[in-house]
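Given next are the chains, with one letter for each unit.
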Amino acid sequence: MTDTFESAKDFKPLENSIYIFASTGELRASHIESWRSSIQGVKLCEICYETQSSFQLKGDSSFISLRSEIEIRALWNDAAPGVKIYLDITGLTHSVWAGILKAAISAKLEVLAVYVEPDMYSRSSAPVEGQIYDLSASIQGISPLPGFATLSSRNSEKFTFVPLLGFEGPRLRYIVEQIQPGYENITPIVGSPGFKPWYVFETYIGNKGALTETEAWQAVRYAPANCPFSCFYLLEEIAADSVGRSLKIALIGTKPHALGAVLFTLSNSIPVELVHDHPIRKAGRTGGTARLLVYHVSALFDEASAVFSKRPVNRPRRSINP
């Protein structure tokens, strides 16, 4: 369910599609310039401004609320039958792409998520413990993604904490301090293989402090860093092993892993809370462009998926070949 392009320039969206994206100043987010003037039958929706609860399209002064699926669906209400939605998550914040994804899946559209790997991350000029790379200027604090439920007090007392780990150890430590999980109920997920072979080691180095203090290093699970589907199925396994407990999933790793967590939340009816600290990205945080991946995310959903029903549903366990 993934199309891989070794060069972003080899990719072009198909006709009768809508391409939703944002330009952030990162080179990898500007790949559309290679085909922007030559495509036909593709509507471009460029998001120029984002907040935690809304976004604004280029050339439009009004804001679209992420808490209103009706407002979000205006992006494709006038589209021809059979339209495809390309959602380029490369330059979008989690709040925005997750809200648009939910609305598009709820509308039963064909949705393809696009992600471009960076060729490199910006290393910190004065590294301290847990900060090998210079990625975030600050964090805005924990708050829910718009349109995604938080756990009730009944469900939040006993939970399994699943942090999707990246390089930024202080973010893991902050979230652990805020939600105070039982150390025996922490199951981190590390991206392995990473975008680069050595990234798995740098993930451990960056998160060494919190992993050691909680002893969660003993419970680490692995999923390829660029595969949302492997993360999705791994979360299903973790949920099956957490009978009687809800899940709190921290989105502090790769965007493909965050995508897998959002897909898992939309697909399954078990109590899940997505924990996010809303970092403010630093300028020049990445350099270069590596592979471009297109994920056929709507293929995961059927009529039994929780996003289509307000009542609980029992979904069969899935399996995936490594």
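For the structure itself, look to the data block above.
Calculation criteria
- Residues numbered from 1 in each chain as written.
- Predicted model: local features only at pLDDT ≥ 70, side-chain atom pairs only at ≥ 80, totals over all residues.
- Heavy atoms only, no water.
- Helix = DSSP H or I, 4+ residues; strand = E, 2+ residues; numbered from the N terminus.
- Polar contact = N/O pair within 3.5 Å; in protein donor to acceptor, adjacent residues only side chain to side chain.
- Contact = heavy atoms within 4.5 Å.
- Buried < 20%, exposed > 50% of the residue type's maximum accessible area, 1.4 Å probe, protein only.
- Pairing = 2+ DSSP bridges.
- Expected span 1.5 Å × (residues − 1).
- Axes fitted to C-alpha atoms, helices over the stretch in contact; angles between N-to-C directions.
- Parallel < 35°, antiparallel > 145°, perpendicular 65-115°, else oblique.
- Left-handed = near helix turned anticlockwise from the far one by under 90°.
- Nonpolar A, V, L, I, M, F, W, Y, C, P; charged D, E, K, R; others polar.
- Salt bridge = Lys/Arg side-chain N within 4 Å of Asp/Glu carboxyl O.

Asks: Is there a simple way to think about the side chain of His276 in this case?
Replies: Mapped onto the fold, His276 is located in the loop between strand S15 (272-275) and strand S16 (279-281). Of note is the side chain of His276, whose polar atom sits 3.3 Å from the backbone oxygen of Leu251. Beyond its immediate chain neighbours, meaning those up to four positions away, His276 contacts His94, Gly141, Ile142, Ser143, Leu145, Arg171 and Leu251.

Asks: For this particular structure, what's the right way to read the pairing of strand S17 (residues 286-295)?
Replies: Sheet faces and side chains relate simply in a regular strand, where the side chains alternate between the two faces. S17 sits mainly inside the fold: 7 of its 10 residues count as buried. Pairing of strand S1 (residues 2-5) with S17, which is carried by 4 bridges, proceeds in the antiparallel orientation. Of the residues in S17, the one forming a bridge with Phe5 is Leu292.

Asks: Hey, could you run me through helix H8 (residues 255-267) in this one?
Replies: Think of an α-helix as 3.6 residues a turn; residues three or four steps apart then line up on the same face. Across its 13 residues, H8 extends 18 Å between first and last C-alpha, which sits within 8% of the 18 Å expected from 1.5 Å per residue. The element H8 is largely enclosed, with a buried count of 13 among its 13 residues. Backbone nitrogen of His257 and a side-chain oxygen of the N-cap are separated by 3.1 Å at the start of H8; the cap is Thr254.

Asks: Help me out: how do you make sense of unusual backbone geometry in this one?
Replies: One can expect most non-glycine residues to show negative phi and most peptide bonds to be in trans. Each neighbour pair has its own omega, and for Ser192 with Pro193 the value is 0°, a cis peptide bond. Checked against the element boundaries, Pro193 lands in the loop between strand S12 (189-191) and helix H5 (199-206). With a phi close to 60°, Glu215 is a non-glycine residue in the positive phi region. As for its position among the elements, Glu215 is in the loop between helix H6 (208-214) and strand S13 (221-223).

Asks: I keep staring at the packing of helix H7 (residues 228-240) against H8 and nothing clicks. Help me out?
Replies: For any two helices packed against each other, one specifies the inter-axial angle together with the distance between the axes. Packing of H7 against H8 leaves a shortest axis separation of 7 Å and a crossing angle of 50°. Here H8 runs oblique to H7, going by the angle between their axes. Note on packing geometry: the crossing formed by H7 with H8 is right-handed. In contact with Pro228, Phe229, Cys231, Phe232, Leu235, Glu236 and Ala239 of H7, H8 contributes Pro256, His257, Leu259, Gly260, Ala261, Leu263, Phe264 and Ser267. Looking at the contact of H7 with H8 residue by residue, the classes come out as 11 nonpolar, 3 polar and 1 charged.

Asks: Would you take a moment to explain the pattern of salt bridges for this structure?
Replies: Note on pairing: side chains with opposite charge can pair once their charged atoms come close. A full pass over the atoms with the stated rule returns 12 salt bridges. Close ionic contact of Arg36 with Glu46 constitutes a salt bridge, the shortest N to O distance being 3.5 Å. In this pair, Arg36 sits in the loop between strand S2 (17-21) and strand S3 (42-50) while Glu46 sits in strand S3, placing the two residues 10 residues apart along the sequence. Owing to a relative accessible area of 31%, Arg36 belongs among the partly exposed residues under this scheme. Arg221 serves as the salt-bridge partner of Glu237, at 2.9 Å between the closest nitrogen and oxygen. Here Glu237, found in helix H7, pairs with Arg221, found in strand S13; they are 16 residues apart in sequence, far enough to count as distant.

Asks: What exactly am I supposed to notice about the packing of helix H2 (residues 94-106) against H8 here?
Replies: Where H2 meets H8, the closest approach of the two axes is 11 Å, and the angle between their N-to-C directions is 40°. Our classification of the angle between H2 and H8 gives oblique. Viewed along their axes, H2 and H8 form a crossing whose handedness is right-handed. Of the residues in H8, those in contact with His94, Trp97, Ala98, Leu101 and Lys102 of H2 are Lys255, Ala258, Leu259, Val262, Leu263 and Leu266. By residue class, the composition of the contact of H2 with H8 is 8 nonpolar, 1 polar and 2 charged.

Asks: Help me understand the pairing of S2, please; the structure alone is not making it clear to me.
Replies: When you tally the buried positions in S2, you get 5 out of 5 residues, the bulk of the element. Across 5 bridges, the pairing between S2 and S3 is parallel. Counterpart to Ile20 in the pairing with S3 is Cys45. Bridge count between S2 and strand S6 (residues 84-88): 4 bridges; the pairing is parallel. Bridged to Ile20 within S6 is Leu87.

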